[in-house]
Amino acid sequence: MSVFDRGVFTPSDAFYVRWHLASIPNEIDVDSFRLRIHGEVKNPTEFSLEQLQHDFEPVQLAAVNQCSGNSRGFFNPRVPGGEWGNGAMGNALWTGIRLKDLLQRVGLKAGAVQVRFNGMDSGVRPETPDFIKALDISHAIDGEVMVAYGMNDAPMPMLNGFPLRLVVPGWFATYWVKMLNDIEVIDHVDDNFWMRSAYLIPDTPEANIKPGERVKMVPINRMPPRSFITNISNDAQLHVPFVVQGIAFGGDSGVADVMVSADNGSQWQSAELDRDCGKYSFRRWTARLNPTQRGTTTLMSRASNLKGVEQPLQANWNPGGYMRAVAERVRVRLA
Amino acid sequence: MKLRWRIASLPVLLPLLFSATVYGIARTAENHPDHPKIVLKSQRIDLPRGNLKFPGDAPGARAASTYCVMCHSRGMIDAQPPLSRDQWEAEIHKMRSTYGCPLSEGMDEELVDFLFQYNHKTGSVSSSR
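Residues numbered from 1 in each chain as written. Chains lettered and ligands numbered in written order. Predicted model: local features only at pLDDT ≥ 70, side-chain atom pairs only at ≥ 80, totals over all residues.

**A closer look at the overall build of chain A**
Helices and strands together make up the secondary structure of chain A, namely four helices and 22 strands. Scaling as 2.2 N^0.38, a compact globule of 335 residues should have a C-alpha radius of gyration of about 20 Å, and chain A matches this with 21 Å. Oriented by its inertia axes, the alpha-carbon framework of chain A measures out at about 70 × 45 × 35 Å. In chain A, which comprises 335 residues, the proportion classed as buried is 49%. (Helix = DSSP H or I, 4+ residues; strand = E, 2+ residues; numbered from the N terminus. Rg over C-alpha atoms; globule rule 2.2 N^0.38 Å. Buried ≥ 20, exposed ≤ 12 C-beta atoms within 10 Å, placed from the backbone.)

Here it is as structure tokens:
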């Protein structure tokens, strides 16, 4: 958590990195690179980076990128997969162009239903399903989804998807396709492996089920709110009064408030929210706590977003290890 | 090589930590006086290969060092929580039927044996918290 204590933006060289497929180009030539847009469009086009940068209005947006399986290692019972702690997330300032403007330029045909995004990574074996994600057309043209070439006011680093990465504000990172070079508008709902079979969550509140329970599964989508204490770690010794600070994000809407507790959730007080960098950004918060009790206790933080969604107090469970959003706890000793 | 790349990028990135701009939603970048123009230049990176060899000479260990690491490093397996034999069998099945692992089915039992025993030595018993 200490990296998140340094500021509201996560430095690119401290940002988590996760790719799906093992064959990743290790060299990109900016002059020959092309972004191809095809399918249900009037004018299929291949854009150079130069065209993308100069023929479209550049925009910037602060947004949290969080792996669908962030915090999977805390699932109980444990589930197989990438055993993340809480570090598979970050907040960056993304620079790029609106997907809406790109699609407007090529012209959508009347039959357009979804837009598929494919990057340059591929499997080692020909049988491995190519990593492709899809968004509904209404989402793709909402003016917020971006094709980004900049991260934290610098070129997108290779590890994070140079030269282009899809930015889908408020949605889990599985949709933020890296090394994006192919956009296809399709006239049906995408049924490729990565939409139909992978990254599915239970269609239940908080994607929460009991082990063994069978329910309807749907593609993972919007992020719920989360918050983290960043200046105090487990087993810290603290002298009362003390200051607790951290980060929060609202997921698919802004942070409404952050509550903190020094007694494992019996009593709560409001934290003070720091500057607002946009509704999809981390927001830093601070609280001064002066509890009367001494000895071992548990600190908690709990965010709610502007849509009225509040972090649950009980952790969710599902077989994919997705969507953990429980109010997190830090054990400390007060003196 | 990866480390070198990261260190090389530090001077570019560090000033960002101290930037004090107020960021709006999807602000137009060109209208912002502080917005540095992002100049894209060709990039190259050398990725670490990771640990690809499992210990021992058992047929299952050799199979793991041949097939599992075609697509991911040994570290991915090292990081798994304790899994049952059935769960390892399901993983192997998924790797073959979904991702195209060329391991012949006759090897499954030996690989399950190896992964199950190996995992119970290395598997992280509790979460890393």
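**Considerations on the overall build of chain B**
Scanning chain B for helices and strands turns up five helices and two strands. Counting from the amino terminus, chain B carries its helices and strands in the arrangement α-β-β-α-α-α-α. Within chain B, the proportion of its 129 residues that are buried is 17%. The contacts in chain B between residues at least 6 apart in sequence include a share of 64% that link residues at least 24 apart. (Contact = placed C-beta atoms within 7 Å.)

**Considering the domain arrangement of chain A**
All names here are of chain A. On domain assignment, one finds that chain A holds domain 1 (2–198) and domain 2 (226–334). For domain 1 and domain 2, the distance between their C-alpha centres works out to 29 Å. Its residues assigned to classes, the side of domain 1 that touches domain 2 comprises 10 nonpolar, nine polar and two charged. (Domains from an automatic or database assignment. Nonpolar A, V, L, I, M, F, W, Y, C, P; charged D, E, K, R; others polar.)

**Quick look at the sheet that holds strand S6 (residues 114–119) of chain A**
Residue and element names in this part refer to chain A. Across the sheet, which stays open at both edges, the five strands sit in the order S3-S2-S11-S6-S7 with mixed pairing between neighbours. Looking at which strands have only one partner, the edges of the open sheet turn out to be strand S3 (45–48) and strand S7 (132–136). The average angle at which neighbouring strand axes cross in this sheet is 20°, direction not considered. Alignment of S6 against S7, held across five bridges, turns out to be antiparallel. (Pairing = 2+ DSSP bridges. Axes fitted to C-alpha atoms, helices over the stretch in contact; angles between N-to-C directions.)

**Details of the pairing of strand S20 (residues 283–289) of chain A**
On a regular strand, one side chain projects to one face of the sheet and the next to the other, so that they alternate. Residue and element names in this part refer to chain A. Sheet analysis places strand S16 (residues 242–249) next to S20, joined by seven bridges and oriented antiparallel. Looking across to S20, one finds that glutamine 245 is bridged to threonine 286. In terms of strand pairing, strand S19 (residues 272–273) meets S20 through two bridges, oriented antiparallel. Along S20, the bridge assignment pairs leucine 273 with tryptophan 285.

**Examining the nonpolar core**
Ranked by size, the top nonpolar core spans 91 residues in total, and within it Trp94, Met146, Val147, Ala148, Leu166 and Val167 of chain A carry the most contacts. Here this core spans two domains, since at least three of its residues come from each of domain 1 (2–198) and domain 2 (226–334) of chain A. Setting aside anything within four residues of it in sequence, one finds leucine 166 of chain A in contact with Phe117, Val147, Tyr175, Trp176, Val177 and Leu180 of chain A. Counting residues in hydrophobic clusters, the runner-up holds 15 residues, among them Ala63, Cys68, Ile77 and Ile92 of chain B. (Core = buried A, V, L, I, M, F, W, Y, C linked by C-beta atoms within 7 Å.)

**Quick word on the sheet that holds strand S21 (residues 295–305) of chain A**
Residue and element names in this part refer to chain A. Taken together, five strands build an open sheet; the order of strands is S15-S22-S21-S17-S18 and the sheet is mixed. Single-partner strands in this sheet number two, and they are strand S15 (236–238) and strand S18 (269–270). When strand S17 (residues 255–261) meets S21, the two strands line up antiparallel, connected through six bridges. Counted as the bridge partner of valine 255 is asparagine 305 from S21.

**What about unusual backbone geometry?**
Residue and element names in this part refer to chain A. Here the amide bond leading from phenylalanine 162 into proline 163 is cis, since omega sits at 5°, within 30 degrees of zero. Among the secondary structure elements, proline 163 is positioned in the loop between strand S9 (154–155) and strand S10 (165–167). Cis geometry marks the peptide bond from valine 240 to proline 241, where omega comes out at -5°. For proline 241, the location among the structural elements is in the loop between S15 and S16.

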